Amino acid sequence: IVESGTAQVAPEPVAGETLQTLDEPLLNQEVVYWKAGIKPLPEKPSRFSVFDYVNEIWVNSTDLETVEKIRITAASELKQAVAEKRQMFITSLPGQGGIYREKRVEATQYLAADPEPADLSDYPFLLAETGITAPTAYELSQLWLNLNTLGIATAAGFEKVRMTAMYAFAEAESVNEIETIMTTAKADLISLVEK
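The notes below deal with the structure included here.

Calculation notes
- Residues numbered from 1 in each chain as written.
- Predicted model: local features only at pLDDT ≥ 70, side-chain atom pairs only at ≥ 80, totals over all residues.
- Heavy atoms only, no water.
- Helix = DSSP H or I, 4+ residues; strand = E, 2+ residues; numbered from the N terminus.
- Areas by Shrake-Rupley, 256 points an atom, 1.4 Å probe, with all protein chains shown as cover.
- Phe/Tyr/Trp six-rings, centres within 6.5 Å; stacked < 30°, edge-to-face > 60°.
- Buried < 20%, exposed > 50% of the residue type's maximum accessible area, 1.4 Å probe, protein only.
- Contact = heavy atoms within 4.5 Å.
- Axes fitted to C-alpha atoms, helices over the stretch in contact; angles between N-to-C directions.
- Parallel < 35°, antiparallel > 145°, perpendicular 65-115°, else oblique.
- Left-handed = near helix turned anticlockwise from the far one by under 90°.
- Nonpolar A, V, L, I, M, F, W, Y, C, P; charged D, E, K, R; others polar.
- Core = buried A, V, L, I, M, F, W, Y, C linked by side-chain atoms within 4.5 Å.

## Thoughts on the overall build of the protein
Regarding its fold elements, the protein presents five helices and five strands. Reading the secondary structure of the protein in the N-to-C direction produces β-β-β-β-β-α-α-α-α-α. Approximately 12700 Å² of the protein is accessible, and the part contributed by carbon and sulfur atoms is 56%.

Laid out in structure tokens, this is it:
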């Protein structure tokens, strides 16, 4: 969609282009609108600003309905941002979380066994991966547990950012507040990745 707005009569489309008009402007539409001709919108001051078609200006609406729409959009955007950052550390392969849990259990049981097991038949993941990721079952178990500890710490950091922002979104009373919360959350996510 390249154009939005309202019109008494739809304008003639440019040759080779399709023109679509809408009763309501799209939330993030900032290119053109229809009112006595196609006109460019003025520069949008904030990504959450809403265009006032009567006064032809951008406003940061405190209208509760608008704030609620922005809150929902921001929450969705934040979830996506967290998911993207998590995938930098945790594979997105289906079922991989369960495999990591099993590896942690195997590693814990293996290291707790006394004497150290010589037979790995009770430890299928250790049996499969010893000699590939680490030369011995002992070293592989240590590696898995260390990675698990680091993964938990990183995931906890992401979860803190996400939950702090989600509760703040719920309390926010204006579009500007929501934008500030989102900016802070994204900066916090970047700082976690750069550690």
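## Description of the packing of aromatic side chains
Evaluated as defined, the whole model comprises two aromatic pairs. Taking the centre distance of 5.9 Å and the plane angle of 55° together, the rings of Phe89 and Phe158 count as tilted. Placement of the pair is Phe89 in the loop between helix 1 (64-86) and helix 2 (96-112) and Phe158 in helix 4 (residues 137-171), with a sequence separation of 69 residues. Residue classification places Phe89 among the partly exposed positions, given a relative accessible area of 43%.

## Observations concerning the side chain of Ser141
Looking at the element boundaries, Ser141 is found in helix 4. The exposure class of Ser141 is buried, given its relative accessible area of 0%. Beyond its immediate sequence surroundings of up to four residues, Ser141 is in contact with Ala107, Tyr110, Leu111 and Leu126.

## A short note on the environment of Ile70
Along the chain, Ile70 falls in helix 1. C-alpha separation for the pair Ile70 and Phe169, spaced 99 residues apart in sequence, amounts to 9.5 Å.

## A few points about the packing of helix 2 against helix 4
Any two packed helices are characterised by the angle at which their axes cross and by the distance between the axes. It is at 9 Å that the axes of helix 2 and helix 4 come closest, and there the two elements cross at 130°. With respect to helix 4, the axis of helix 2 lies oblique. Between helix 2 and helix 4 lies a crossing of left-handed hand. Residues Lys103, Arg104, Glu106, Ala107, Thr108, Tyr110 and Leu111 of helix 2 touch helix 4, and the partners they reach there are Ala137, Tyr138, Ser141, Gln142, Trp144, Leu145 and Asn148.

## Comments concerning the environment of Ala168
Residue placement: Ala168 occurs in helix 4. When the C-alpha positions of Ala168 and Arg71 are compared, they lie 9.9 Å apart, and in sequence the two are 97 residues distant.

## Description of the packing of helix 4 against helix 5 (residues 175-194)
Following both chains from N to C, one finds helix 4 and helix 5 inclined at 180°, their axes separated by 10 Å at the closest point. The angle between helix 4 and helix 5 places the two elements in the roughly antiparallel class. Every residue of helix 5 that contacts helix 4 at Gly157, Phe158, Val161, Ala165, Ala168 and Phe169 is listed here: Ile178, Ile181, Met182, Ala185, Asp188, Leu189, Leu192 and Val193. Residue composition of the contact of helix 4 with helix 5, by class: 12 nonpolar, one polar and one charged.

## So, the nonpolar core
Grouped together as the largest cluster of nonpolar side chains are 19 residues, with contacts concentrated most on Leu78, Ala165, Phe169, Ile178 and Leu189. With nine residues, the next largest nonpolar core counts Leu120, Leu126, Ala137 and Leu140 among its residues.

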